[in-house]
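# What the coordinates show
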Amino acid sequence: MDDKKLFRIASEARKKAYSPYSKFNVGAAVLTSSGKVYAGCNIENATYGATCCAERVAIFKAVSEGETNIKKIAIEGDNDGLTFPCGICRQVMAEFAPDMRVVLGKKNGEIEIFSLNQDLLPHTFELD
């Protein structure tokens, strides 16, 4: 699947976000090595700590279906610029694909590509 199509799926997922506190909607879509796509949106909670980011929702959906080999993720937020994943999401992404391709896009459809292990999280936390 090409990057733009995956990004469009993330964009559709953003519309389902539950964000009554931040009012900042985020959508994500992951592509697994089997070719399946799993989408997610951010889901907030009044206690904030129980909030789950769109990236983790999409990854956890894939993992809960037995898909642990993730090739790439696309992310779209409500702002006009790029929405980068938070640190917790980056570490979760690294758990399943340290060399993951990260497709970030703007609401106008422009996308930029990053590498998780080179650009976004070059020094992951690992247990040896």
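Above: the structure in question.
### Describing helix H1 (residues 3–14)
With 12 residues, H1 extends 17 Å from end C-alpha to end C-alpha; this agrees with the ideal 16 Å at 1.5 Å per step. Among the residues making up H1, those that are buried are Asp3, Leu6, Phe7, Ala10, Ser11, Ala13 and Arg14. Projected down its long axis, H1 carries its buried residues within an arc of 160°, all on one side. Check the buried side of H1 and you find it contacts strand S1 (26–32), strand S2 (37–41), strand S3 (70–77), strand S4 (101–105) and strand S5 (111–115). Among the residues of H1, the N-terminal cap falls to Asp2, whose side-chain oxygen and the backbone nitrogen of Lys4 are separated by 3.3 Å.

### What to know about a nonpolar patch on the surface
Together, Tyr18, Tyr21, Ile43 and Tyr48 give the surface a local cluster of nonpolar side chains, amounting to about 450 Å² of exposed area. By secondary structure assignment, the location of Tyr48 is in the loop between S2 and helix H2 (54–64).

### Things to note about the pairing of S2
Summarising the sheet, S1 and S2 pair through five bridges and their orientation is antiparallel. Bridge pairing in S2 links Val30 to Tyr38. Remark: four residues form the turn of the hairpin made by S1 and S2, two consecutive strands paired antiparallel; Gly35 in that turn has positive phi of roughly 95°.

### Some remarks on the packing of H2 against helix H3 (residues 87–96)
H3 packs onto H2 with a crossing angle of 25° between their chain directions and a minimal axis gap of 9 Å. Taken as axis vectors, H2 and H3 run roughly parallel relative to one another. Considering the relative orientation of H2 and H3, their crossing is left-handed. Contact residues: Glu55, Arg56, Ile59, Phe60 and Val63 in H2; Ile88, Cys89, Val92, Met93 and Phe96 in H3. Residues of the contact of H2 with H3, tallied by class, amount to eight nonpolar, no polar and two charged.

### Brief notes about the sheet that holds S5
The sheet built from five strands is open, its strands ordered S2-S1-S3-S4-S5 with mixed pairing. Looking along the sheet, the strands with just one partner apiece sit at the ends: S2 and S5. With strand direction ignored, the average angle separating the axes of adjacent strands in the sheet is 20°. Where H2 meets the sheet, it contacts S1, S2 and S3, and its direction lies at approximately 145° from that of S2.

### Examining the pattern of salt bridges
Pairing between side chains becomes possible if they bear opposite charge and their charged atoms approach one another. In total, this model carries six salt bridges according to the counting rule given. For Asp78, the salt bridge is made with Arg14, and the minimal N-O distance between the two is 2.8 Å. Linking Asp78 in the loop between S3 and H3 with Arg14 in helix H1, this pair joins segments that are 64 residues apart in sequence. Glu110 is the salt-bridge partner of Lys106, the closest N and O atoms lying 3.8 Å from each other. Overall, Lys106 belongs to the partly exposed group, its relative accessible area being 22%. Connected through shared salt-bridge partners, Asp3, Lys72 and Arg101 make up one network.

Cut-offs used in this document
Residues numbered from 1 in each chain as written. Predicted model: local features only at pLDDT ≥ 70, side-chain atom pairs only at ≥ 80, totals over all residues. Heavy atoms only, no water. Helix = DSSP H or I, 4+ residues; strand = E, 2+ residues; numbered from the N terminus. Expected span 1.5 Å × (residues − 1). Buried < 20%, exposed > 50% of the residue type's maximum accessible area, 1.4 Å probe, protein only. Arc of directions from axis to C-beta. Contact = heavy atoms within 4.5 Å. Polar contact = N/O pair within 3.5 Å; in protein donor to acceptor, adjacent residues only side chain to side chain. Patch = residues over 30% accessible without salt bridge, like charges linked within 9 Å, V, L, I, M, F, W, Y side chains within 5 Å. Areas by Shrake-Rupley, 256 points an atom, 1.4 Å probe, with all protein chains shown as cover. Salt bridge = Lys/Arg side-chain N within 4 Å of Asp/Glu carboxyl O. Pairing = 2+ DSSP bridges. Axes fitted to C-alpha atoms, helices over the stretch in contact; angles between N-to-C directions. Parallel < 35°, antiparallel > 145°, perpendicular 65-115°, else oblique. Left-handed = near helix turned anticlockwise from the far one by under 90°. Nonpolar A, V, L, I, M, F, W, Y, C, P; charged D, E, K, R; others polar.

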